[in-house]
Amino acid sequence: MVSSKDRARKLAREKLDRQLARRAAKQRRRRQIQAGLGAAAALILIVGGIAWLGGAFDSDDTTTDAADADVCAWTTQNAESNKSLKDVGEPPTAGIPTEGTRPMTITTDKGAPIVVTLDLVSAPCSAADLSYLAGKKFYDNTTCHEITTEGAIRCGDPSGTGQGGPTYSVYNENLPQAPEPTPSASAAPSKTPAAPLYPKGTVALIGDPPGSNGSQFLIFFKDFTPKGEPQYPIVGQVTGGMDTVAKLGKIPVVANDAGDKVKPKDKITVQSITVGEPTTAPVSTPSAAASAPSAAPSASSQ
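### With respect to the nonpolar core
Within soluble globular proteins, side chains that are nonpolar generally end up buried alongside one another.
Link 1 in the chain: Counting 41 residues, the largest nonpolar core has I106 and F217 as its most contacted members.
Link 2 in the chain: If you tally residues by element for this core, the top one is helix α3 (residues 124–135), at 7 residues.
Link 3 in the chain: Aside from chain neighbours lying at most four places away, what touches F217 is I106, L130, Y139, I153, R154, C155, G156, V203, A204, L205, I206 and I273.
Link 4 in the chain: Grouped together as the second largest cluster of nonpolar side chains are 10 residues, L197, A204, L218 and F220 included.

This is the structure in structure tokens:
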């Protein structure tokens, strides 16, 4: 006869077996569900990948990304080591126009304003540099401290030493290309003279050392081609007031503090520089710029 203890033990064993069976069944169902979800997720990833490759998730609105992209980079200069630098902040790196032109008007005490067409296609950062500084009135009541031996008027340094500028610089952006060397010594030279790399009326930035351009710029009053590699990135062309440029170029020069005979005997004061809004007008050719009449100053813009 089975004792009550044995019966209780048997019932407990059967209960435990049922619990283990139910637990195993639950685990099998969980694994099945997880496998199904994994397969579904894989299918979604495959379909989504195909759709992505097909451009289904591409946004039609690329204007915002383009507007937010950096166009220029500015290199900070040490004002502690160069006391001639003037801190006026830095221009923005994005939202800079890269199409068309901008008018820049240089007003001096020596005649009609000089109007320059800045090239936003070839030199957007150089143009942004000049526009930013003009908006900060950086150039007001400064001087053109040199008439160079290369046939250019050098302006834009508040210190008048050639060492001044803002506390940032911009790289060479639009250097003219030097002509290719003659293939062989026996080749006959061309009878047509090569076009100057810096035609009369060219406006270019100048940095010290070259490639660290800030506020200083050159206005060429005669054609110039360097013997070595070009070092002045071109930013625009004079399109008005070329008579004033020619007049400035004729001012006699005396020795500066370094003994170089480049200082204008008659002081040239830049009363103001203003930069107008961008337009779609192309940059004028040097010949057209040389014959263009003087224009009135433009409204300033940062």
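### What to know about the pairing of strand β15 (residues 269–275)
Link 1 in the chain: Burial within β15 is extensive, with 5 of its 7 residues counted as buried.
Link 2 in the chain: Across 5 bridges, strand β3 (residues 101–108) lies against β15 in antiparallel orientation. Its bridge partner lying in β15, T107 is registered against S272.
Link 3 in the chain: Pairing analysis gives 2 bridges linking strand β5 (residues 142–143) to β15, with the strands arranged antiparallel.

### Section: the state of the cysteines
Link 1 in the chain: Throughout the structure, instances matching the rule amount to 2 disulfides.
Link 2 in the chain: Through a disulfide, C144 is tied to C155; the S-S separation comes to 2.0 Å. Note on the C144 and C155 pair: the S-S dihedral is about 95°, so by sign convention the disulfide is right-handed. Placement of C144 in the loop between β5 and β6 (146–147) and of C155 in strand β7 (residues 152–155) is noted, with a sequence separation of 11 residues between them.
Link 3 in the chain: Taking relative accessible area as the criterion, C155 reaches 1% and is therefore assigned buried.
Link 4 in the chain: Taken in sequence order, the bonded cysteines of the chain link in the pattern 1-2, 3-4.

### What to know about unusual backbone geometry
Link 1 in the chain: In this chain, D208 is followed by P209 through a cis amide linkage whose omega measures 5°.
Link 2 in the chain: Phi at K137 takes a positive value of approximately 60°, unusual for a residue other than glycine.
Link 3 in the chain: When you line up the elements, K137 lands in the loop between α3 and β5.
Link 4 in the chain: K137 sits in the exposed class, given a relative accessible area of 55%.
Link 5 in the chain: Of note in the backbone geometry, N141 takes a positive phi value of approximately 60° without being a glycine.
Link 6 in the chain: On the secondary structure map, N141 appears in the loop between α3 and β5.
Link 7 in the chain: On the basis of relative accessibility, which here comes to 61%, the residue N141 falls in the exposed class.

### A look at the packing of aromatic side chains
Here a ring pair, both rings aromatic, is described through the centre-centre distance and the interplanar angle of the planes.
Link 1 in the chain: Enumeration according to the criterion identifies 9 aromatic pairs in this entry.
Link 2 in the chain: Considering the side-chain rings of Y198 and F220, the 5.1 Å spacing of their centres and the 20° angle between planes classify their relative orientation as stacked. With a gap of 22 residues between them, Y198 in the loop between β9 (168–169) and β10 (202–207) and F220 in strand β11 (residues 213–220) connect regions that are remote in the sequence.
Link 3 in the chain: In this structure Y198 comes out as buried when scored by relative accessible area, which is 0%.

### Points about the sheet that holds strand β4 (residues 114–119)
As a general point, the strands of a sheet are linked pairwise by backbone hydrogen bonds and lie either parallel or antiparallel.
Link 1 in the chain: Read from one edge of the open sheet, 9 strands run β5-β15-β3-β4-β12-β10-β11-β7-β6, paired in antiparallel fashion. Sheet topology places β5 and β6 at the edges, where each strand pairs with a single neighbour.

### Looking at the pattern of salt bridges
Link 1 in the chain: Under the criterion given, the structure shown has 4 salt bridges.
Link 2 in the chain: The residue K83 makes a salt bridge to E80 at a minimum N-O spacing of 3.4 Å. When sorted by exposure, K83 lands in the same class as E80, which is exposed.
Link 3 in the chain: Linking K110 and D109 is a salt bridge whose minimum nitrogen-to-oxygen distance equals 3.1 Å.
Link 4 in the chain: Relative accessible area serves as the criterion here: at 10%, K110 is assigned to the buried category.
Link 5 in the chain: Each of D109, K110 and D266 takes part in a single network of salt bridges with overlapping partners.

Analysis parameters
Residues numbered from 1 in each chain as written. Predicted model: local features only at pLDDT ≥ 70, side-chain atom pairs only at ≥ 80, totals over all residues. Heavy atoms only, no water. Core = buried A, V, L, I, M, F, W, Y, C linked by side-chain atoms within 4.5 Å. Buried < 20%, exposed > 50% of the residue type's maximum accessible area, 1.4 Å probe, protein only. Helix = DSSP H or I, 4+ residues; strand = E, 2+ residues; numbered from the N terminus. Contact = heavy atoms within 4.5 Å. Pairing = 2+ DSSP bridges. Disulfide = S-S within 2.5 Å. Phe/Tyr/Trp six-rings, centres within 6.5 Å; stacked < 30°, edge-to-face > 60°. Salt bridge = Lys/Arg side-chain N within 4 Å of Asp/Glu carboxyl O.

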